[in-house]
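Listed below, chain by chain, are the residues.
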Amino acid sequence: GPWVPASTIALWSRHGTMTFVRAGGNDGSYITADADIPGNVILVGAVDKNNKITYWSNAPGEQYKYHWVMAPGQSILSADENNGYIHMSGTSMAAPYVSGIVGELHDRYPQYRHNPGETKRIILTTATDLGAPGVDALYGYGLVNRNKAVLTLGRNTHKPPKVVPEKEVPYVDP
């Protein structure tokens, strides 16, 4: 079947004001593009602790490289079915890392919550380049960079809060 089913593309397109993050897959191959990816979708591959693509992570290839970032995906501590923890690997471990950064951006900067194109642009263009210089078919934009994404955006949009003089508050005995 297709790498991205038509029903998934339709869902993404129907919800154009939402940002979607999709795991890139674990076949260890370059993806053969079979569908256009909407502007509200970020695709994610996995790197190891040395920021090298894992042998099992898919790579974006030429058509999907402009939708793709990498994130840690090897030996990630995760919850298991017994209310414990286990180390797991996969692009399905890398995608939540990117989703968390998207969530933080949307929390800190609410004006981006319904602007997935700008959210995606921020995530992609603040990534740390890996592999060949620039956007490439193996790493896409490179390693997602939470600090750079949040700080770059903050520098451009942060408005300092108004400081209100302290008022007397009642003392509560602990």
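Refer to the structure presented above.
Residues numbered from 1 in each chain as written. Predicted model: local features only at pLDDT ≥ 70, side-chain atom pairs only at ≥ 80, totals over all residues. Heavy atoms only, no water.

Enquirer: Hey, could you run me through the packing of helix H3 (residues 91-108) against helix H4 (residues 116-125) in this one?
Expert: The geometry of a pair of packed helices is captured by two quantities: the angle between their axes and the separation between those axes. H4 packs onto H3 with a crossing angle of 125 degrees between their chain directions and a minimal axis gap of 11 Å. Comparing the axis directions of H3 and H4 gives the class oblique. Seen along the crossing, H3 lies across H4 with a hand that is right-handed. Seen from H3, the contacting residues are Val98, Ile101, Val102, Leu105 and His106; seen from H4, they are Thr119, Ile122 and Ile123. (Axes fitted to C-alpha atoms, helices over the stretch in contact; angles between N-to-C directions. Helix = DSSP H or I, 4+ residues; strand = E, 2+ residues; numbered from the N terminus. Parallel < 35°, antiparallel > 145°, perpendicular 65-115°, else oblique. Left-handed = near helix turned anticlockwise from the far one by under 90°. Contact = heavy atoms within 4.5 Å.)

Enquirer: Just checking my understanding: could you explain the sheet that holds strand E2 (residues 41-47) for this structure?
Expert: In sheet architecture, strand pairing relies on hydrogen bonds along the backbone and comes in two forms, parallel and antiparallel. If you trace the 3 strands from one edge of the open sheet to the other, you get E1-E2-E3, paired in parallel fashion. Each having just a single partner strand, strand E1 (20-23) and strand E3 (68-72) make up the two edges of the open sheet. Averaged over all neighbouring strand pairs, the angle between strand axes comes to 40 degrees, with direction disregarded. Both E2 and E3 contribute to a ladder of 5 bridges, which runs parallel. In the sheet register, Gly45 faces E3, and the bridge partner there is Met70. (Pairing = 2+ DSSP bridges.)

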